[in-house]
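# Descriptive structure summary
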Amino acid sequence: MTLTDHLLARIAQDGPMSVADYMTECLLHPTQGYYSTRDPLGALGDFITAPEISQMFGELIGLSLAQAWIDQGHPNRFALAELGPGRGTLMADILRATRNIEGFHDAAEVTLLEASPILRQIQSDTLNGYTPRWIETVADLPDAPLFLVANEFFDALPIRQFLRDGDGWRERLVGREGESLTYGLGAQASQVALMDRLDDTQDGDLVELCPSAIPIITVLAGRIATQGGAGLIVDYGDWHSLGDTLQAVRKHQRADPLQAPGQADLTAQVDFEPLATATRAAGCAHTRLTPQGVFLERLGITARAQKLSATLGGVELDKLVSAHRRLTHPNEMGNLFKVLGLYPSYASPPPGLET
Ligand code: SAH
């Protein structure tokens, strides 16, 4: 049975499903989900991420986290954690960049949250020599200070979509028409989680909610507030979005999200405002939302690029210059991607970010 057949049968039995349920099936179905069946980031993959573009990204993240660890009295045991580590490249770069920071590696318990068995295997190969531990949920994070990064993790979490209808909302649903998947709308209802969006939307506007992000960020924020640590949440998105941001990408091309389920990566822009609100509700401080380009410049990416370029020439040098531009330039990833930093209210914010 293909994933499409499975989805059509499920809709025939239970009725139309939320966009969130559809995303969950497409990404994480145990045998046919996108992340369950492939490495989407490989050379022949569907998309590329900042750590796969250049080692400079992970190196600077590593130095920011390590400086935060030093600023907080270099606790002698802490979780060095990553959510959705992909091929393990970012964590490998963090570890390489921090290997000369006295005591950092000895104190670090490398902890990874990863849903995909295939990517877990690749992470295990990449991080060979570091004995990472994989956890099933953020509740399993070690009971210790938490220094964490999540790059392009929250954008993969399932979203629900709602169309404004008067003072209520109709949920966008995935249904079937014959043997095809198609969008429809649920009944009008009020939505407590969308109360504040009645102020900045009009009839017919579409807004999104990412329900599963809130319990995750709440655990991270609670951990950092009580145990110490820092969190760097990096993703594409903004304070809050307006309109349909569900995006399917296959072989570096945009695709229709309802076509070929399980064969394309599905993501949505991250709304940082609800993450920030949940962070504060958990008693944790957060930084200003900062464009990735600004964050990396503050951490010295240009100096780092110059240092690396000293030994390069030809194609390798061109690659480095283009990677620097891609990560930082406002017309590339520099502005589309944002960083939110979490830190305990008694400590200073992680380097590269400000309050
Ligand atoms: N951070 C990496 C990979 C980003 S792709 C990089 O920057 O290259 C998204 C990652 O999140 C993948 O590793 C994917 O398998 C993982 N992921 C997606 N949804 C997840 C979930 N619900 N729980 C755990 N991991 C998830």
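To keep things clear, this report deals only with the structure shown in the data block. Everything numeric in this text was worked out from a predicted model, so none of it was measured.

Quick notes on the rules
Residues numbered from 1 in each chain as written. Predicted model: local features only at pLDDT ≥ 70, side-chain atom pairs only at ≥ 80, totals over all residues. Heavy atoms only, no water. Pairing = 2+ DSSP bridges. Helix = DSSP H or I, 4+ residues; strand = E, 2+ residues; numbered from the N terminus. Axes fitted to C-alpha atoms, helices over the stretch in contact; angles between N-to-C directions. Salt bridge = Lys/Arg side-chain N within 4 Å of Asp/Glu carboxyl O. Buried < 20%, exposed > 50% of the residue type's maximum accessible area, 1.4 Å probe, protein only. Polar contact = N/O pair within 3.5 Å; in protein donor to acceptor, adjacent residues only side chain to side chain. Contact = heavy atoms within 4.5 Å.

## Considering the sheet that holds strand S11 (residues 247-250)
Strands sit in the order S12-S11-S13 across an open sheet of three strands; the sheet is antiparallel. Each having just a single partner strand, strand S12 (253-255) and strand S13 (265-267) make up the two edges of the open sheet. Pairs of neighbouring strands in the sheet enclose a mean axial angle of 40 degrees, with direction left out of account. As defined by bridge partners, S11 adjoins S12 across three bridges and the pair is classed as antiparallel. Within S12, the position partnered with Arg 250 by the bridge is Gln 253.

## Topic: the pattern of salt bridges
Proximity of charged atoms lets side chains of opposite charge pair with each other. This model, assessed by the stated rule, comprises 18 salt bridges. Between Arg 96 and Glu 59 there is a salt bridge, with the nearest N and O atoms lying 3.0 Å from each other. Remark: Glu 59 occurs in helix H5 (residues 55-71) and Arg 96 occurs in helix H6 (residues 89-97); sequence separation between them is 37 residues. With a relative accessible area of 32%, Arg 96 lands in the partly exposed category. Sharing partners across several salt bridges, the network here consists of Glu 59, Asp 93, Arg 96 and Arg 304.

## Details of the pairing of strand S17 (residues 337-343)
S17 sits mainly inside the fold: seven of its seven residues count as buried. Side chains Phe 337, Val 339, Gly 341 and Tyr 343 project from S17 onto one buried face, and the interleaved Lys 338, Leu 340 and Leu 342 project onto a second face that is buried too. Pairing geometry for strand S10 (residues 229-238) and S17, over six bridges, is antiparallel. Across the sheet, Asp 235 pairs through a bridge with Lys 338, a residue of S17. Of the strand pairs in this sheet, strand S15 (residues 285-286) and S17 are connected by two bridges, and their pairing is antiparallel. Looking across to S17, one finds that Ala 285 is bridged to Tyr 343. As defined by bridge partners, strand S16 (residues 290-291) adjoins S17 across two bridges and the pair is classed as antiparallel. For Thr 290, the partnering residue across the bridge sits in S17 and is Val 339.

## Observations regarding the environment of Glu 177
Along the chain, Glu 177 falls in strand S7 (residues 168-177). Judged by its relative accessible area of 58%, Glu 177 falls in the exposed class. Distance in space between the C-alpha atoms of Glu 177 and Met 333 is 38 Å, their sequence separation being 156 residues.

## Description of the side chain of Lys 338
Within the fold, Lys 338 resides in strand S17. Only 3.0 Å separates the side chain of Lys 338 from the backbone oxygen of Gly 237, close enough to count as a polar contact. Of the polar contacts made by the side chain of Lys 338, one reaches the backbone oxygen of Asn 335; its length is 2.8 Å. The contact partners of Lys 338, leaving out residues within four places of it in the chain, are Ile 233, Val 234, Asp 235, Gly 237, Asp 238, Phe 272, Leu 289, Thr 290, Pro 291 and Gln 292.

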